[in-house]
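For reference, the chains in residue letters:
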Amino acid sequence: MNFWLVKQEPSKYNWQQLVEDKETPWDGVRNYQARNNLRAMKKADAVLFYHSVVGKAVMGIAQVAREAYPDPTTTDERWVVVNLRPVKPLKKPVSLESIKCHPDLRNMALIKQSRLSVMPLTEAEFRAILEIGATSFK
DNA sequence: GCCAACGTTGGC
DNA sequence: GCCAACGTTGGC
């Protein structure tokens, strides 16, 4: 299993909407690096959902329900989406501030490359965030 | 609202 | 292929 983090401004699409939708295509990615990460996602990979700009916190755990396929919101064949499904919310959202304070998370792409919207995590990073969020995950 | 970081575009 | 100009993202 691989570990990922996706981010979105909650005013555009947020964790609560994902919970209500049960499953959603992660569309609109228009950046090659992020696109390549989407392509590398495998079914059942774990994906943290981060709210950027407003909230600035990891809200919950999702999983890949469907691997990359062409983005239905464009005819441009360069772009792809995956489907995400909510797994569980974090007991406590993990703020950007607390991520920055954690010694094992200082090298996360979230911090080093703040504009990237889809990024891989190491398992250690994934586990550390769950620990801060007081949330278990098998 | 500002600005740094970064990506894209287009002229040469 | 280089680089200036411009646009976007996202933290502060």
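Our structure's up above, just so we're on the same page.
Residues numbered from 1 in each chain as written. Chains lettered and ligands numbered in written order. Predicted model: local features only at pLDDT ≥ 70, side-chain atom pairs only at ≥ 80, totals over all residues. Heavy atoms only, no water.

A.B. asks: Describe the protein's contact with DNA strand B, naming the residues involved and giving the relevant values.
C.D. replies: As a matter of local geometry, DNA strand B sits amid N31, Y32 and R115. Among all atoms of DNA strand B positioned within 4 Å of the protein, those belonging to sugar or phosphate total 36%. (Near = heavy atom within 4 Å.)

A.B. asks: Give a detailed account of the layout of surface pockets, specifying residues and quantitative values.
C.D. replies: In this structure, the largest pocket encloses a volume near 210 Å³. Taken together, 13 residues line the largest pocket, and the ones lying closest to its centre are K7, Q8, E9, S52 and S117. Class assignment of the residues belonging to the lining of the largest pocket gives a composition of 2 nonpolar, 5 polar and 6 charged. (1 Å grid on protein atoms, 1.4 Å probe; cavity = no way out; pocket = protein on both sides within 12 Å on 5 of 7 lines; lining within 4 Å. Points joined across faces, edges and corners; volume = space filled by probe spheres on them. Nonpolar A, V, L, I, M, F, W, Y, C, P; charged D, E, K, R; others polar.)

A.B. asks: Provide a residue-level description of the sheet that holds strand β6 (residues 118-121), including the pertinent values.
C.D. replies: The 6 strands lie next to each other as β2-β5-β4-β3-β1-β6, forming an open sheet whose pairing is mixed. A single partner strand is all that each edge strand has here, and the edge strands are β2 (24-25) and β6. Of the pairings in the sheet, the one linking strand β1 (residues 3-8) to β6 comprises 4 bridges and is antiparallel in character. Following the sheet pairing, L5 is matched in β6 by M119. Relative to the sheet, helix α5 (residues 123-132) contacts β1, β3 (46-51), β4 (57-70), β5 (80-95) and β6, its axis offset from that of β5 by approximately 45°. (Pairing = 2+ DSSP bridges. Helix = DSSP H or I, 4+ residues; strand = E, 2+ residues; numbered from the N terminus. Contact = heavy atoms within 4.5 Å. Axes fitted to C-alpha atoms, helices over the stretch in contact; angles between N-to-C directions.)

A.B. asks: Run through the pairing of β3, naming residues and quoting values.
C.D. replies: The element β3 is extensively covered by neighbouring structure, given that 6 of its 6 residues are classed as buried. Of the two faces of β3, both are covered, the one formed by A46, L48 and Y50 as well as the one formed by V47, F49 and H51. As paired elements, β3 and β4 share 6 bridges and run antiparallel to each other. Paired with L48 across the strands is I61, a residue of β4. Between β3 and β4, which pair antiparallel in sequence order, lie 5 residues; one of them, V53, sits at a positive phi of approximately 65°. (Buried < 20%, exposed > 50% of the residue type's maximum accessible area, 1.4 Å probe, protein only.)

A.B. asks: Any chance you could break down helix α2 (residues 32-40) for me, citing the residues and the numbers?
C.D. replies: Three- or four-residue spacings in an α-helix give side chains the same orientation, since the helix completes a turn every 3.6 residues. Every buried residue of α2 is accounted for by A34, R35, N37 and L38. Projection of α2 onto a plane perpendicular to its axis shows the buried side chains occupying an angular sector of 160°, all on one side. For α2, the side-chain oxygen to backbone nitrogen distance between the N-cap and Q33 is 3.0 Å, and the N-cap itself is N31. (Arc of directions from axis to C-beta. Polar contact = N/O pair within 3.5 Å; in protein donor to acceptor, adjacent residues only side chain to side chain.)

A.B. asks: Could you give me a rundown of the protein's contact with DNA strand C, with the residues and numbers involved?
C.D. replies: The environment of DNA strand C is formed by K7, Y50, S52, V53, K56, L96, K100, S114 and R115. Of what DNA strand C places within 4 Å of the protein, 83% of the atoms are sugar or phosphate. Note that a phosphate oxygen of DNA strand C is positioned 3.1 Å from one of the side-chain N or O atoms of Y50. One nitrogen or oxygen atom from the main chain of V53 is found 3.0 Å from a phosphate oxygen belonging to DNA strand C.

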